[in-house]
Amino acid sequence: MGLVDDNKDKDGLQESDGESSFYTTDQDDDHHDESKLHLGPQRTLKEQLEKDKDDESLRKWKEQLLGGVDINNIGETLDPVVKFISVAIVSPERPDIVLSIPEDGNRQRLWFTLKEDSHYRLKFSFQVGNNILSGLRYTNTVWKSGLRVFSTKDMIGTFSPQPEPYTHEMPEETAPSGFMARGSYTAKSKFIDDYNKCHLEINYTFDIRKDWASND
């Protein structure tokens, strides 16, 4: 949902610099979302703890990650259950813009309007259940008039299952300004883990205008 490059450290238990590019060639973005890592077989949380019980460093790391999680109440499924609760645009210039998350991932009408040259952040909350969510990352691709004008990949982190939701804010960005920047854009945002499972994909449109929309 951003149009600038800001390589700051991300929150979470795993951190990585983001990668952003402007005016890249039009390529298959799903291909670039594939992880280059060759991970071992995915295991349930109980299997992971049993497997690593003799490795003190791994055991301590997972104990720190899991905190007070009751292992007896954790499911036996391989995949973590991730539910996104809210997505919002936060700016010091105005009240937060809380965005509705489309059930099918496709927003049929304008999702939001950014004021040109405004400072803003993307803020979202989500719940994790059943298993550790490993290496959650955020990818975003933006097109204008059919041409891809921006793409970014940001590491968010690794999260343990817990009933309380996590809240994460992306680094501050600045919307572009000027006659050429104003107009309508289409975009695709995805949240993907280390096993290349997509937990949320949103296809949407947004505008950049001289001022914020009055109905936001």
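Residues numbered from 1 in each chain as written. Predicted model: local features only at pLDDT ≥ 70, side-chain atom pairs only at ≥ 80, totals over all residues. Heavy atoms only, no water.

Summing up its helical and strand segments, the chain has three helices and 11 strands in all. Put simply, the chain runs from its N terminus to its C terminus through helices and strands in the order β-α-α-α-β-β-β-β-β-β-β-β-β-β. Counting every position in the chain, which comprises 216 residues, the buried fraction comes to 44%. For the chain, the proportion of contacts with a sequence separation of at least 24, taken over those separated by at least 6, is 76%. For the chain, the exposed surface amounts to about 11,700 Å²; the carbon and sulfur share of it is 48%. (Helix = DSSP H or I, 4+ residues; strand = E, 2+ residues; numbered from the N terminus. Buried < 20%, exposed > 50% of the residue type's maximum accessible area, 1.4 Å probe, protein only. Contact = heavy atoms within 4.5 Å. Areas by Shrake-Rupley, 256 points an atom, 1.4 Å probe, with all protein chains shown as cover.)

Below, the discussion takes up unusual backbone geometry. Phi angles above zero are rare outside glycine, and S145 is one such case at about 55°. Structurally, S145 is set in the loop between β6 (133-144) and β7 (147-159). For S145, a relative accessible area of 74% puts it in the exposed group. Positive phi is not limited to glycine here, since N196 has a value of about 60°. Take N196: it is sitting in the loop between β10 (183-192) and β11 (198-209).

Attention now goes to the packing of aromatic side chains. This structure, assessed with the given rule, holds 15 aromatic pairs. Taken together, F84, F124, F126, Y138, F159, Y166 and F191 form an aromatic cluster joined through their ring pairs. The ring of W212 is capped by R94, whose NZ or CZ atom sits 5.4 Å from the centre of that ring. (Phe/Tyr/Trp six-rings, centres within 6.5 Å; stacked < 30°, edge-to-face > 60°. Lys NZ or Arg CZ within 6 Å of the ring centre and 35° of its normal.)

Note on placement: D193 falls in the loop between β10 and β11. For the pair formed by D193 and I156, sequence separation is 37 residues and the distance between their alpha carbons is 9.6 Å. Beyond its immediate chain neighbours, meaning those up to four positions away, D193 contacts P80, L133, S134, G135, L136, R137 and H199. A distance of 2.8 Å separates a polar atom in the side chain of D193 from the backbone nitrogen of Y195. (Polar contact = N/O pair within 3.5 Å; in protein donor to acceptor, adjacent residues only side chain to side chain.)

Here we come to the pattern of salt bridges. Counted under the stated rule, the structure contains four salt bridges. Measuring nitrogen to oxygen at the nearest pair gives 3.7 Å for the salt bridge that ties K197 to D79. Placement of K197 in the loop between β10 and β11 and of D79 in the loop between α3 (56-66) and β2 (81-91) is noted, with a sequence separation of 118 residues between them. Of the residues examined, D79 reaches a relative accessible area of 35% and is grouped as partly exposed. (Salt bridge = Lys/Arg side-chain N within 4 Å of Asp/Glu carboxyl O.)

This part takes up the nonpolar core. Ranked by internal contacts, the top residues of the largest apolar core, which has 35 residues, are F112, L114, F124, F126, F159, F191 and F206. Within the residue set of this core, elements represented by two or more residues are β2, β3 (94-99), β4 (106-115), β5 (119-129), β6, β7, β10 and β11. Setting aside residues up to four positions removed in sequence, F191 forms contacts with F84, F124, L136, R137, Y138, I156, K197, C198, H199 and L200. (Core = buried A, V, L, I, M, F, W, Y, C linked by side-chain atoms within 4.5 Å.)

Geometric values such as these leave the question of function open.
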